[in-house]
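Chain residues, written in single-letter form:
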Amino acid sequence: MKWNWRDAVAGLSVAGLLLPEAIAYSSIAGLTPRHAVTATIAGCTAYFFIGRCRFAVVSPTSSSAAILAAMLMSMDVPASQKALFAAVVVALAGLVFLIASAMGLGYLAGVISRPVLRGFAFGTALLITIKQLPTIFGLSNADVQPWEILRSALARFHEWNLISLGLALFAFVCLLAIRRYREIPGSLFVTLGAAAISFQFNLEGLGVPVVGPVSLAIGWDAFAAPDLHSVEHIARYTLPLVLIVFAESWGTVRSLSLLHGEVVDANRELRAIGVANIVSALVQGMPVGAGFSAGSASEAAGSQSKLSSLLAAAFLAAFCLFGVKLLAYIPQTVLAAVIVSVLLHSLDPSPVMHILRVGRDRFLLIFAACGVLLFGVLNGMLIAVALSFVLFLKRLTVARVITLGRLRQTRDFVDVERHADATEIAGISIFRPAQPLFFANAELVLSQIATHALSNRSTLSVIVSLEESVDLDSTGFDALLEFDTLLHKAGKRVYYARVHDWIRDLMESAGEAELASRCNFSVDDAVTQAVADAANPTE
């Protein structure tokens, strides 16, 4: 890999973004900055050796930090053991990634639909933003529910620390102004500038909380092994963490790679993120993934290779080694402003409005966003994912059968209900299931076709187009044989169109050669065979 000065510039720019993000995300998770910084260095380094995308920056993300925080809170882990339990969660997540990669499950990258992912991201971003309000206003907070936090923060306006509020607003405006120059590490400049002001004017003495002393030393404290109940709890919530991290990471990697005409492999990315999380766990780091904000910053800064990610880790380590004392003076209200500015892309209503305008899956998006706000990050995500699977199965299992007719004088056959110039062929009924046939819907769909065919006395031949079914499972195949037998006993001739080779092979191996002889590659061929057999009934 050749050295390129633009990689150094990109690495420096990304490191400038990663430092304040790491400190901010550690506060979301309820951990010290060390756990986010070491996770970032570990993630970037591990991805350099395994990953493929030159723009990917594997580090803690807001979503993973929120899920980890919710998990630790639900387990009621003692403060002294939070980092150790977090390491167990991260290691288990990394192991799941590696197992999924070894099994070639990269094709499941889209298992969480975009409406669910966007709804979850919007709800999580809104939840995290609301939780920053007490810090921005300089208030103490003991509430957990977002609406209680919002109500309490607004009701106690007379207690607001105007210095804290003013500093947050000024930092936020500066961050927005610098955002248009994406190659400039605005978060770093704003954060370190605020730390210098805090040091100079002793903002802590004016009631503005600061980060405090930051220790970056890596070491394992006495580890109290989790009991069986805790292990079961961790295992139950590891899958949602894995799904969100990979969905977010794959979305970032795929979009940035496609933008530049590059090809990436989902299974390799699974393996890279798995190794990155295991390495992060070894240094007591947080969960890591390829976040959109850092990846976009790398792309905007002109990254030429994966070396920029490794250099970002090196620059971040240097920042921490030589500026660790200054980090202690960073006002927490400025970190809250950084968090909100980073989450702006998730709070952008444009993708949400697009899905609402399209009118498909809007219910999933709304439910995912509301689920996070009403039931928390983990439960909201689990409910939304479960709902998406239920709707997916519903779409597959609902019997939708289309009646086909010949389009004018062509060889094309289309839905007669949607095309007025399509006509049915006398004596022949042509049906097409609108979904693949499998164990959950085959009997229902074929039964509906049989009912239509048997109720029409003028129908002598029935053609079923199987273009949606690439293959059949045993239940689907048995249902097809039963359907075929039923219609033959009723005196109907049955033919099949658009039959894929795998289904033909299945018929041959099952000893159904005669059935295979009535299979055709097109609807027009099936019509031709039906007409010929009707003209020569003895053959």
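Further up the page is the structure itself.
This text gives an overview of the structure that appears in the document. (Residues numbered from 1 in each chain as written. Predicted model: local features only at pLDDT ≥ 70, side-chain atom pairs only at ≥ 80, totals over all residues. Heavy atoms only, no water.)

**Regarding the layout of surface pockets**
Then, number 1: By volume, the largest pocket is sized at about 1,100 Å³.
Then, number 2: Residue lining of the largest pocket: 45 residues in total, with S27, I28, A69, M73 and K131 positioned closest to the centre.
Then, number 3: Of all the elements in the fold, those that place two or more residues in the lining of the largest pocket are helix 1 (5-29), helix 3 (62-75), helix 5 (114-137), helix 6 (146-155), helix 13 (332-342), helix 16 (362-375) and helix 17 (377-397).
Then, number 4: Within the lining of the largest pocket, the residues separate by chemical class into 29 nonpolar, 13 polar and 3 charged. (1 Å grid on protein atoms, 1.4 Å probe; cavity = no way out; pocket = protein on both sides within 12 Å on 5 of 7 lines; lining within 4 Å. Points joined across faces, edges and corners; volume = space filled by probe spheres on them. Helix = DSSP H or I, 4+ residues; strand = E, 2+ residues; numbered from the N terminus. Nonpolar A, V, L, I, M, F, W, Y, C, P; charged D, E, K, R; others polar.)

**Overview of a nonpolar patch on the surface**
Then, number 1: Together, W147, L374, F375 and I383 line one region of the surface with nonpolar side chains, adding up to about 400 Å² of accessible area.
Then, number 2: Along the polypeptide, I383 turns up in helix 17. (Patch = residues over 30% accessible without salt bridge, like charges linked within 9 Å, V, L, I, M, F, W, Y side chains within 5 Å. Areas by Shrake-Rupley, 256 points an atom, 1.4 Å probe, with all protein chains shown as cover. Salt bridge = Lys/Arg side-chain N within 4 Å of Asp/Glu carboxyl O.)

**Remarks on helix 19 (residues 474-489)**
Then, number 1: The end-to-end C-alpha distance of helix 19 is 23 Å, a good match for the 22 Å that 16 residues give at a rise of 1.5 Å each.
Then, number 2: The complete set of buried residues in helix 19 reads G476, F477, A479, L480, F483, D484 and L487. Angularly, the buried residues of helix 19 cover 160° about the axis, an arc narrow enough to put them on a single face. Helix 19 presents S474, E482 and K489 as exposed residues on the side facing more than 90 degrees away from its buried surface.
Then, number 3: Residues of helix 19 that are buried make contact with helix 18 (442-455), strand 7 (461-465), strand 8 (493-497), helix 20 (501-509) and helix 21 (513-517).
Then, number 4: Looking at where helix 19 begins, the residue whose side-chain oxygen comes 3.3 Å from the main-chain nitrogen of T475 is D473.
Then, number 5: In the segment just after helix 19, G491 is the residue with positive phi, at about 85°. (Expected span 1.5 Å × (residues − 1). Buried < 20%, exposed > 50% of the residue type's maximum accessible area, 1.4 Å probe, protein only. Arc of directions from axis to C-beta. Contact = heavy atoms within 4.5 Å. Polar contact = N/O pair within 3.5 Å; in protein donor to acceptor, adjacent residues only side chain to side chain.)

**Some words on the side chain of H35**
Then, number 1: Counting through the fold element by element, H35 comes out in helix 2 (residues 33-50).
Then, number 2: Judged by relative accessible area, H35 falls into the buried class, the value being 4%.
Then, number 3: Ignoring anything within four residues of it in the chain, the contact list for H35 reads A83, Q284, G285 and M286.

**Side note on the nonpolar core**
Generally speaking, soluble globular proteins have nonpolar side chains that are buried together.
Then, number 1: Formed by 88 residues in total, the largest nonpolar core has its most connected members in L68 and M286.
Then, number 2: M286 has contacts with Y25, S26, A29, L31, H35, A36, A39, P60, A65, L68, V90 and S280, leaving out every residue within four places of it along the chain.
Then, number 3: Formed by 27 residues, the second largest nonpolar core is a distinct cluster that contains V462, F483, I503 and M507. (Core = buried A, V, L, I, M, F, W, Y, C linked by side-chain atoms within 4.5 Å.)

**As for unusual backbone geometry**
Then, number 1: Positive phi values are uncommon outside glycine, yet N202 reaches one of about 50°.
Then, number 2: Here N202 is to be found in the loop between helix 8 (186-201) and helix 9 (228-259).
Then, number 3: For N202, a relative accessible area of 47% corresponds to the partly exposed category.
Then, number 4: Even without glycine at this site, R498 takes up a positive phi of about 55°.

**A short note on the packing of aromatic side chains**
Then, number 1: For the coordinates displayed, the defined rule picks out 6 aromatic pairs.
Then, number 2: Judged by centre distance (5.0 Å) and plane angle (80°), the ring pair of F48 and F49 falls under edge-to-face.
Then, number 3: In this structure F49 comes out as exposed when scored by relative accessible area, which is 59%.
Then, number 4: Measuring from centroid to centroid gives 4.1 Å for F137 and W160, while their planes differ by 5°, and the two rings are stacked. On the criterion of sequence distance, the pair formed by F137 in helix 5 and W160 in the loop between helix 6 and helix 7 (162-179) is long-range, its members being 23 residues apart.
Then, number 5: Residue F137 is classed as buried on the basis of its relative accessible area, which comes to 10%.
Then, number 6: Here W160 falls in the partly exposed class, since its relative accessible area comes to 25%.
Then, number 7: When the ring centre of F48 is taken as reference, the NZ or CZ atom of K306 above it lies at 5.8 Å.
Then, number 8: When the ring centre of F521 is taken as origin, the NZ or CZ atom of R504, which lies over that ring, is 3.9 Å away. (Phe/Tyr/Trp six-rings, centres within 6.5 Å; stacked < 30°, edge-to-face > 60°. Lys NZ or Arg CZ within 6 Å of the ring centre and 35° of its normal.)

**Re the environment of L270**
Then, number 1: With respect to the helices and strands, L270 occurs in helix 10 (residues 266-282).
Then, number 2: Of the residues examined, L270 reaches a relative accessible area of 4% and is grouped as buried.
Then, number 3: Remark: the alpha-carbon pair of L270 and V242, spanning 28 residues in sequence, is separated by 10.0 Å.
Then, number 4: Sequence-distant contacts of L270, that is, excluding residues within four places in its chain, are made with F97, A100, S101, L105, G106 and F246.

**So, the pattern of salt bridges**
Then, number 1: Summed over all chains, the structure comprises 10 salt bridges.
Then, number 2: With a shortest N-O distance of 3.4 Å, R151 and E148 are connected by a salt bridge. Here E148 and R151 lie together in helix 6, a separation of 3 residues that amounts to about one turn.
Then, number 3: Judged by relative accessible area, E148 falls into the partly exposed class, the value being 35%.
Then, number 4: D524 is the salt-bridge partner of R406, the closest N and O atoms lying 3.3 Å from each other. Of the two residues, R406 sits in strand 3 (residues 401-407) while D524 sits in helix 22 (residues 523-535), which places them 118 residues apart along the sequence.
Then, number 5: Residues joined by salt bridges that share partners form a network here, namely R406, R411 and D524.

**Quick look at the packing of helix 7 against helix 13**
Then, number 1: As a packed pair, helix 7 and helix 13 sit with axes 8 Å apart at the nearest point and diverge in direction by 40°. As helix 7 runs across helix 13, the sense of the crossing is right-handed. Across the interface between the two elements, S164, L167, A168, A171, F172, L175 and R179 of helix 7 pack against T333, V334, A337, V338, V340 and S341 of helix 13.
Then, number 2: Taken together, the residues of the contact of helix 7 with helix 13 sort by class into 9 nonpolar, 3 polar and 1 charged. (Axes fitted to C-alpha atoms, helices over the stretch in contact; angles between N-to-C directions. Left-handed = near helix turned anticlockwise from the far one by under 90°.)

**What about the pairing of strand 8?**
Then, number 1: Where burial is concerned, most of strand 8 is hidden: 4 out of the 5 residues are buried.
Then, number 2: Summarising the sheet, strand 7 and strand 8 pair through 5 bridges and their orientation is parallel. Its bridge partner being in strand 8, V464 is matched across the sheet by Y496.
Then, number 3: What joins strand 7 to strand 8 is helix 19, and the crossover it makes is right-handed. (Pairing = 2+ DSSP bridges. Right-handed = clockwise from strand over helix to strand, strands pointing away.)

**A closer look at a negative patch on the surface**
Then, number 1: A contiguous patch of negative charge on the surface is contributed by D471, D501, D505 and E508.
Then, number 2: Secondary-structure assignment places D501 in helix 20. (Lys, Arg positive; Asp, Glu negative; His and termini not counted. Charge placed at Lys NZ, Arg CZ, Asp CG, Glu CD.)

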